[in-house]
Amino acid sequence: LEAAAGRIAVPDLANPGRVPGGRRVGPSRTDLQAIIFQPQEAAKNPINGFDWNHPHLALLRSTGTGLSLIKNYAFSLPSAFTMSRNDRYLWGDLNGDGTSDLVIYNKQDWSDVVMGIFYCSATGLAPTRQYGFNTGKLKTPDGGRWSLRQADRYLLADLDGNGRKELVVYNGKDWAKRYMAIFRMTGIDLAFVRVHESVAGGWKMAPNDFHYVGDFDHDGREDLAVINTADFDGPYMGVWNSSGAGNFVAHVQKAPFGFFPLQEGTSFHVGDYSLGYLYDDLVAIRGNHVWMLRCTGTSFTAETYYPGWIQNQRYHSLGHW
C-alpha cells in the first residue's frame, strides 16, 4: 500500500511460516513495517495529515488482534545512517535466522548512491555495513570494486533455496555492456557470488530488462521472470530458472502470448495465485485491464482476462469499488 507521503510493507519480522527453500508450510504471522514520510509542504498533501519534516520508520509486530510497537526510528537508523525522502527499502532474510532484514538504498538525495544493510531482531535493527561515499564498495574476487550507480536495479532473491536471500544488482545502462552481479551476506559484509556480462543463462541482457522474483518452477529456489518490451524485434518474456551459485537457465518467449498483449506500461505482480499448483504466477495490470498469467515452470500462459470487472468488483487504475 502506498500513499503520496507514506509506504506500508509487510515483511516477516518474527515468523515467516516457511522452511528453507521458500515453500509455505502453513499459516504465517506477518508483521507490519510502516515507513511514513511527511514532506515539509504538508498542506499540499491531503492524504497524510502528519506534520513531521523528516522520515520516520516504525517496526510493528502483529499480536493476532492488533499491532504492538517494536521500535520507532526518526531521522536516522543505527550507526548514524541518515534517512531521506527518496530512500527505498527491500526486506528479506539475509542471514537465515527466519526474520526479514533490511536493505535500504537511495539514488537521489546524496552526491553518490548509498546503501545500508541492517539485521532485524525482536528488539529492532542492528547495523552491518554501509556502502557509498567513503564507506566502501562491493568487493569482487579479483580485488576490484562494484560501484553503486544510478541505473542499478536491486532485488532480493533466495537463488540457492537455503532460506537466505542474495542481493541481485542489475545495470543495463551505465556501462558499455550489461551486467548482473549477485552478492550474499557473510557475517556483516556482502560477498561476491557471480557476475553475468551481456548474457545470463542464454538471455541477451538489454537496457530495458525488468526482473521479478518468484519460485516459478517450484524447486525451492527463487527464479527471475524477465520482461522486455523495448529493445528487441517485439515484446519478450523469459523465465530464468535458478540452478544455484548465481547461475540461471533462461527460457525465452516472444509475443504473441495468447490473448495477453504485452505492452509498455504494464505492471506485474508475483504470487502463488493457484493455491495448489505451487508455482508462482504473474498478474499483469494495465489501465482497467487485468490478466492472470499462469506459469508452467519455464513459460507463462494467459489463463484469465478481466476487462474492467473482476467477478462482481469493478476494477480501475486506482483500485476496486
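Everything below is about the structure shown above.
Sequence order sets the numbering: in each chain, residues are counted from 1 along the sequence as written. With pLDDT at 70 or above as the cut-off, local features in this predicted model cover only qualifying residues; side-chain atom pairs require 80 or more to be listed or tallied, and sums for whole chains, interfaces and linings still use all residues. Note: side-chain values were computed over all heavy atoms of the structure, leaving out hydrogens and water.

Considerations on the overall build of the protein
- Comment: elements are numbered from the N terminus, with helices defined as DSSP H or I runs of at least four residues and strands as E runs of at least two. Scanning the protein for helices and strands turns up 0 helices and 29 strands.
- For the protein, buried positions account for 46% of its 321 residues.
- Looking at the protein alone, contacts between residues at least 24 apart form 42% of all its contacts between residues at least 6 apart.
- Here the Shrake-Rupley method, with its probe set to 1.4 Å, supplies the accessible areas, and only the displayed protein chains count as covering residues. Taken as a whole, the protein presents about 15400 Å² of accessible surface, with 53% of it coming from carbon and sulfur. When a residue's accessible area, from a 1.4 Å probe over protein chains only, is under 20% of the maximum for its type it is buried; when over 50% it is exposed; and in between it is partly exposed. Note on contacts: a residue pair is in contact if any heavy atoms of the two residues lie within 4.5 Å.

A closer look at the packing of aromatic side chains
- A pair of aromatic rings is counted whenever rings of Phe, Tyr or Trp (Trp by its six-membered ring) have centres within 6.5 Å, and the orientation is called stacked for planes under 30 degrees apart, edge-to-face for over 60 and tilted otherwise. Within this structure, the stated rule accounts for 12 aromatic pairs.
- Where F260 meets W291, the ring centres are 5.2 Å apart and the plane angle is 65°; that geometry is what we call edge-to-face. On the criterion of sequence distance, the pair formed by F260 in the loop between β22 (247–254) and β23 (267–271) and W291 in strand β25 (residues 289–295) is long-range, its members being 31 residues apart. W291 matches F260 in its accessibility class, with the two residues each being buried.
- Here the aromatic rings of W291 and Y305 are separated by 5.1 Å at their centres, their planes lie at 15°, and the arrangement is stacked. Here W291 is found in strand β25, whereas its partner Y305 is found in strand β26 (residues 300–307), with 14 residues between them in sequence.
- Overall, W291 belongs to the buried group, its relative accessible area being 3%.

Looking at the sheet that holds strand β21 (residues 236–244)
- Taken together, 4 strands build an open sheet; the order of strands is β19-β20-β21-β22 and the sheet is antiparallel. Single-partner strands in this sheet number two, and they are β19 (210–214) and β22. Each adjacent strand pair in this sheet contributes to an overall mean axis angle of 20°, direction not counted.
- Bridging between β21 and β22 involves 8 bridges; their strand directions are antiparallel. Residue Y236 lies in a different strand from β22, and its bridge partner there is K254. Criterion used throughout: strands pair if DSSP finds at least two bridges between them. Axis definition: a line fitted to C-alpha atoms, over the contacting stretch in the case of helices. Angles run 0 to 180 degrees between N-to-C directions.

Section: the pairing of strand β7 (residues 88–92)
- Within β7, 4 of the 5 residues are buried, which leaves it mostly tucked inside the rest of the structure.
- Examined bridge by bridge, β7 and strand β8 (residues 101–106) share 5 bridges and lie antiparallel to one another. Considered in β8, the bridge of W91 is made with L102.

Quick word on the side chain of N241
- Turning to its location among the elements, N241 is positioned in strand β21.
- We classify N241 as buried; its relative accessible area is 8%.
- Separated by 3.3 Å, the side chains of N241 and D217 make a polar contact.
- Reaching out from N241, the side chain makes a polar contact with the side chain of H251 at a distance of 2.9 Å. Between N or O atoms, a polar contact is any pair within 3.5 Å; within protein, one atom must be a potential hydrogen donor and the other a potential acceptor, and residues adjacent in sequence are included only when both atoms are from side chains.

Digging into unusual backbone geometry
- In this structure, P256 follows A255 across a cis peptide bond, with omega equal to 10°.
- In this structure, P256 sits in the loop between β22 and β23.
- Positive phi is not limited to glycine here, since H218 has a value of about 55°.
- For H218, the position within the fold is in the loop between β19 and β20 (223–228).
- At A245, a residue that is not glycine, the phi angle is positive and equals roughly 60°.

A word on the sheet that holds β7
- Across the sheet, 4 strands lie side by side as β7-β8-β9-β10; this open sheet has antiparallel pairing. Since the sheet does not close on itself, it has two edges, and those belong to β7 and β10 (124–131), each with one partner. Here the strands of the sheet are splayed against their neighbours by 20° on average, with no regard to which way each runs.
- Inspection of the sheet shows strand β9 (residues 114–121) paired to β10 by 6 bridges, in the antiparallel sense. Of the residues in β10, the one forming a bridge with C120 is L125.

Some words on the pattern of salt bridges
- Between Lys or Arg on one side and Asp or Glu on the other, a salt bridge is scored when a side-chain nitrogen of the former is within 4 Å of a carboxyl oxygen of the latter. Scanning all chains against the criterion turns up 9 salt bridges.
- Close ionic contact of R129 with D189 constitutes a salt bridge, the shortest N to O distance being 3.0 Å. Taken together, the residues R129 in strand β10 and D189 in strand β16 (residues 189–197) connect sequence positions 60 residues apart.
- Exposure remark for R129: the relative accessible area of 22% places this residue in the partly exposed category.
- Here R221 makes a salt bridge to D219, at a shortest N to O gap of 3.2 Å.
- Linked through salt bridges whose partners overlap, the residues forming this network are D160, E166 and R184.

So, the environment of W110
- The residue W110 is located in the loop between β8 and β9 in this model.
- Residues W110 and N86, 24 residues apart in the sequence, show an inter-C-alpha distance of 9.9 Å.

Some points on the pairing of strand β13 (residues 153–157)
- Of all 5 residues making up β13, 4 are buried, and the element is well covered by its neighbours.
- Relative to strand β14 (residues 166–171), β13 runs antiparallel, the two sharing 5 bridges. Bridge pairing links L155 to V168 in β14.

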